[in-house]
Amino acid sequence: MYKVLIIDDNSDVCLCVQDSLATLTGWETLIACSGKDGLVLAQKEQPDAILLDLALPGIEGRIVLQYLRNHPDTQSIPVILFTGLIAEPDPQLSHELSVSGIIAKPVEATQLVRQMCNLLSWGEH
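Being a predicted model, the structure only gives us computed values, none of them experimental.

A. Molecular detail of the pairing of strand β1 (residues 3–7). Of all five residues making up β1, five are buried, and the element is well covered by its neighbours. Of the two faces of β1, the one carrying Lys3, Leu5 and Ile7 and the one carrying Val4 and Ile6 are both buried. Judged from the five bridges that link them, β1 and strand β2 (residues 28–32) form a sheet pairing that is parallel. Within the sheet, the bridge partner assigned to Val4 lies in β2 and is Thr29. In the classification by handedness, the crossover that spans β1, the intervening helix α1 (residues 11–25) and the parallel β2 is right-handed. Bridge count for β1 against strand β3 (residues 49–52) is four bridges, and the pairing is parallel. Residue pairing for β3: Ile6 is matched across the bridge by Leu51.

The rules behind these values
- Residues numbered from 1 in each chain as written.
- Predicted model: local features only at pLDDT ≥ 70, side-chain atom pairs only at ≥ 80, totals over all residues.
- Heavy atoms only, no water.
- Buried < 20%, exposed > 50% of the residue type's maximum accessible area, 1.4 Å probe, protein only.
- Helix = DSSP H or I, 4+ residues; strand = E, 2+ residues; numbered from the N terminus.
- Pairing = 2+ DSSP bridges.
- Right-handed = clockwise from strand over helix to strand, strands pointing away.

This is the structure:
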């Protein structure tokens, strides 16, 4: 069973994604409503993947990503940008940011699971 950390300041989005992933896949999910909390949870819990929103209060998502990539405990955790700021997946941007991919919000639950499995090379449930 995979463990996914969701870092997003919108609690409704977090709860919807958490419910969708639990129902459709049985994956364990953790929620952080700020970049700071996300960094702490990522180091402590060592999730199998992180869904990271770019538009976060306080520490912006790109800064969170830099911290994740620069810290030995979190640098190898796959990160998927989960954002409404980028409408289309951009392989070039994904490569530049060292992320596994980009999933644009909003996204339907089964599509989210499909995209995550594809980007992370996880077998679908």
